[in-house]
Amino acid sequence: DARVTQTPRHKVTEMGQEVTMRCQPILGHNTVFWYRQTMMQGLELLAYFRNRAPLDDSGMPKDRFSAEMPDATLATLKIQPSEPRDSAVYFCASGLGPFNPGTDTQYFGPGTRLTVL
Amino acid sequence: QQQVKQSPQSLIVQKGGISIINCAYENTAFDYFPWYQQFPGKGPALLIAIRPDVSEKKEGRFTISFNKSAKQFSLHIMDSQPGDSATYFCAAALDRGSTLGRLYFGRGTQLTVWP
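Note that this is a predicted model, so its numbers are computed, not measured.

Q: Would you mind going over the overall build of chain B with me for this structure?
A: Summing up its helical and strand segments, chain B has zero helices and 11 strands in all. Reading chain B from its N terminus to its C terminus gives the helix and strand order β-β-β-β-β-β-β-β-β-β-β. Its C-alpha atoms give chain B a radius of gyration of 14 Å, near enough to 13 Å, the size a compact globule of 115 residues would have. Summarising its shape, the C-alpha atoms of chain B cover approximately 45 × 30 × 20 Å along the three principal directions. Out of the 115 residues belonging to chain B, those deemed buried represent 48%. Long-range contacts, defined here as pairs at least 24 residues apart, represent 54% of the contacts in chain B between residues at least 6 apart. Counting only carbon and sulfur atoms, one obtains 49% of the accessible surface of chain B, whose full area is about 5,600 Å². The distance from the centre of the 12 positive side-chain charges to the centre of the 8 negative ones in chain B is 5 Å.

Q: How should the pattern of salt bridges be read in this particular structure?
A: Pairing is possible between side chains that carry opposite charge, provided their charged atoms lie close to one another. If you walk through the whole model with that rule in mind, you get nine salt bridges over all chains. Between A:Asp86 and A:Arg64 there is a salt bridge whose closest N-O contact spans 2.6 Å. With A:Asp86 in the loop between β8 (74–79) and β9 (88–95) and A:Arg64 in the loop between β6 (53–56) and β7 (65–71), this pair connects stretches of sequence that are 22 residues apart. Side by side, A:Asp86 and A:Arg64 carry an identical accessibility label, which is buried. With its nearest N and O atoms 3.5 Å apart, the salt bridge here joins B:Glu26 to B:Lys71.

Q: Sorry if this is basic, but what is going on with the state of the cysteines here?
A: Here, disulfide denotes a covalent bond that connects the sulfur atoms of two cysteines. Under the counting rule described, the total for this entry stands at two disulfides over all chains. At a sulfur-sulfur separation of 1.9 Å, the disulfide partner of A:Cys23 is A:Cys92. Measuring handedness by torsion sign, the sulfur bridge of A:Cys23 and A:Cys92 sits at about -55 degrees and is left-handed. Placement of the pair is A:Cys23 in strand β3 (residues 19–24) and A:Cys92 in strand β9, with a sequence separation of 69 residues. The disulfide partner of B:Cys23 is B:Cys90, and the gap between their sulfur atoms is 1.9 Å. Between B:Cys23 and B:Cys90, the disulfide has an S-S torsion of -95 degrees and is therefore left-handed. With a gap of 67 residues between them, B:Cys23 in strand β3 (residues 19–25) and B:Cys90 in strand β9 (residues 86–93) connect regions that are remote in the sequence. Take B:Cys23: its relative accessible area is 3%, and that puts it in the buried class. A relative accessible area of 0% means that B:Cys90 is categorised as buried.

What counts, and at which threshold
- Residues numbered from 1 in each chain as written.
- Chains lettered and ligands numbered in written order.
- Predicted model: local features only at pLDDT ≥ 70, side-chain atom pairs only at ≥ 80, totals over all residues.
- Heavy atoms only, no water.
- Helix = DSSP H or I, 4+ residues; strand = E, 2+ residues; numbered from the N terminus.
- Rg over C-alpha atoms; globule rule 2.2 N^0.38 Å.
- Buried < 20%, exposed > 50% of the residue type's maximum accessible area, 1.4 Å probe, protein only.
- Contact = heavy atoms within 4.5 Å.
- Areas by Shrake-Rupley, 256 points an atom, 1.4 Å probe, with all protein chains shown as cover.
- Lys, Arg positive; Asp, Glu negative; His and termini not counted.
- Charge placed at Lys NZ, Arg CZ, Asp CG, Glu CD.
- Salt bridge = Lys/Arg side-chain N within 4 Å of Asp/Glu carboxyl O.
- Disulfide = S-S within 2.5 Å.

Structure follows, in structure tokens:
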């Protein structure tokens, strides 16, 4: 049963520390999305990649957030320095693009719950 | 700016009742409308989806109704069960341009089905 994996599942850190979240997309998927979920904003798209190249990262605060795909099996989201307002659940999703709407979808990982004190 | 507006924010339904969640959009270029279901501690998962060339799609107890002229679509859950208690997100997507595959999500509806 292929699934997206994310590590760590939970992270508690102090303000100012660097946080790195990792995602392993489903094997063969060439599109990876990073979302942030909060009660106030719901699901926000931070960035997404196709074939490891960034397609859109306009949802990401550039001064502290960075997203990369070092290889096809690993996507990373880094926050440096972290702030309390970054506390949220971060989801990675993968899919096969370019999408054919109606037949393709995004598969979400279980998320990383980040708490910044 | 929220591209997809979803209501209500929360919904409480008696077991066996009908749950209805509504969404509206502005961008007429959207042509794929999925619904995602999310249980606590889990990531969202695709539940059902529709293209604008049909007005209704049914899968088991779940039905999407689509009104292209009104730019609205809704999820109906018939015979709602306690196991349906979850957060439901509507979404919309384009199939043109570099945003291919990007989903625009509504804010979510927290559904509680009482036994």
